[in-house]
Amino acid sequence: MNVLGTSNLTNGSVQSLNSLSQATSASPKTVAGIPAPTDQVSFSPLASALRDKSLNAFNALSVETRSQLSSLVDSGALSGEDVHNALKQRTKEARLGAYAATFRMANNDNADLFSSGSATSSDFREALRAASEKRAGMMEKLSALLQSGQDGSDDYAALSDQLKALTPNARLLAGGSGVVNPFQPIDPGESRLMSTRGETDAVYKLKAAGVDLSAIDKALRPMGERDAASLVAERTGLPQTHTVSKDREFSLDQALIQPITAQPSAAGAVSGTDGRVIDTDFLTNVGSAIGPLKGNAFGEDAEAARQYWRGLRASY
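Please read all numbers here as calculations on a predicted model, not as lab measurements. (Residues numbered from 1 in each chain as written. Predicted model: local features only at pLDDT ≥ 70, side-chain atom pairs only at ≥ 80, totals over all residues. Heavy atoms only, no water.)

1. Describing helix α2 (residues 63–75)
Now for step 1: With 13 residues, α2 should reach 18 Å at 1.5 Å per residue; the first-to-last C-alpha distance of 18 Å fits that figure.
Now for step 2: The complete set of buried residues in α2 reads Val63, Thr65, Arg66, Leu69, Ser70, Leu72 and Val73.
Now for step 3: Residues of α2 that are buried sit in contact with α1 (52–60), α3 (80–109), α8 (197–208) and α9 (213–236). (Helix = DSSP H or I, 4+ residues; strand = E, 2+ residues; numbered from the N terminus. Expected span 1.5 Å × (residues − 1). Buried < 20%, exposed > 50% of the residue type's maximum accessible area, 1.4 Å probe, protein only. Contact = heavy atoms within 4.5 Å.)

2. Regarding the confidence of the model for the protein
Now for step 1: Looking at the protein as a whole, its pLDDT mean stands at 79, while 71% of the residues score no less than 70.
Now for step 2: Note that pLDDT drops below 50 for residues 1–32; the model gives that stretch 71 contacts with residues more than four away or on any other chain. (pLDDT = per-residue confidence, 0-100.)

3. Some words on the side chain of Asn181
Now for step 1: Its location among the elements puts Asn181 in the loop between α7 (170–173) and α8.
Now for step 2: A distance of 3.0 Å separates a polar side-chain atom of Asn181 from the backbone nitrogen of Phe183. (Polar contact = N/O pair within 3.5 Å; in protein donor to acceptor, adjacent residues only side chain to side chain.)

4. So, helix α5 (residues 121–147)
Now for step 1: The first and last C-alpha atoms of α5 sit 38 Å apart over 27 residues, in line with the 39 Å expected at 1.5 Å per residue.
Now for step 2: Along α5, the positions that sit buried rather than exposed are Phe124, Ala127, Leu128, Ala131, Ser132, Arg135, Met138, Met139, Leu142, Ser143 and Leu145.
Now for step 3: In the core, the buried residues of α5 are packed alongside α3, α4 (111–115), α6 (154–164) and α9.

5. Looking at the packing of aromatic side chains
Now for step 1: As enumerated under the stated definition, the model contains three aromatic pairs in all.
Now for step 2: Consider the rings of Tyr99 and Phe103, whose centres lie 5.0 Å apart with planes at 50°: the pair is tilted. With Tyr99 and Phe103 both in helix α3, this residue pair falls four residues apart, about one helical turn.
Now for step 3: Accessibility expressed as a relative area gives 1% for Tyr99, which makes it buried.
Now for step 4: Note on Phe103: relative accessible area 0%, which makes it buried.
Now for step 5: Arg197 extends its terminal NZ or CZ atom over the ring of Tyr308, reaching a point 4.3 Å from the ring centre.
Now for step 6: In this structure, Arg221 is placed above the aromatic ring of Tyr316, and the distance from its NZ or CZ to the ring centre is 3.9 Å. (Phe/Tyr/Trp six-rings, centres within 6.5 Å; stacked < 30°, edge-to-face > 60°. Lys NZ or Arg CZ within 6 Å of the ring centre and 35° of its normal.)

6. A look at the nonpolar core
Now for step 1: Ranked by size, the top nonpolar core spans 52 residues in total, and within it Leu61, Val83, Leu87, Tyr99, Leu206 and Ile216 carry the most contacts.
Now for step 2: Looking at this core, the elements with two or more residues in it are α1, α2, α3, α4, α5, α8, α9 and α10 (302–310).
Now for step 3: Residues within four places of Ile216 in sequence aside, it is in contact with Leu61, Thr65, Leu87, Arg90, Leu206 and Val211.
Now for step 4: Tyr156, Leu159, Leu163 and Ala165 belong to the second-largest nonpolar core, a separate cluster that totals nine residues. (Core = buried A, V, L, I, M, F, W, Y, C linked by side-chain atoms within 4.5 Å.)

7. Regarding the environment of Asp227
Now for step 1: Relative to the helices and strands, Asp227 resides in helix α9.
Now for step 2: Look past the residues within four positions of Asp227 in its chain and what remains in contact with it is Lys53, Arg95, His242 and Val244.

Set out below in structure tokens:
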């Protein structure tokens, strides 16, 4: 089924919708394993804007969030492109957070081996395979809690924090050098993980319009985890469950994080295109490891630029 009359949408991205100009079906369906809402909501003004990953993301949202976004577009408070760009950015943010957390979890679970300095590429590959498998099971439990309305429970919070893997194993800190993982660094042109300034500005427009980003982030988290696991598998040569398509609209010139040439850090052992890499540890501690922000309106105020980036972090 193709609700927009185009050929570039996957079947899974449209299963929950008959048409963006019609009400949602009354029969329960699923999109990528996520139950689709069955309440009747019309969102025809978004039909010309939602596409590819933004349509997949929209399908994963609750009826309430979808209805709110549609109403904001109807009223002119937001444009369809604002919603498209913002949902793409939140999808990338979900992937990026899960991608970095997978490496942190693999490092923590193999701290003795990795801190010894004797780990091989095969060791890192196996550690990432095991971490991805472990995270899939954890995410299944977290999704069940979310779908049963228990996302405010202690169990949900504890499991969510475990998935973030923000606390490093003390063994990794003993030498002060961290872990050099050959698969972790991200090329600044990686369109499936990196956002443009237009996309991030659209997120702030949604915030200003009163949209609850945490509701969007929670809904997109399972999709982000699955995509991140596929990207890790792609990087390491492991079997993939699916292929994450590149963002055809992405331009490095418009990327939020503009690349810089620098010596690799402890978490970035290999160089990307033209010797430029993005160290994924910047997700936790935003600092000089990242390049300047595209269209930086903050002048020399580096802290304001960092706050802009921090405001984009997924809220779980």
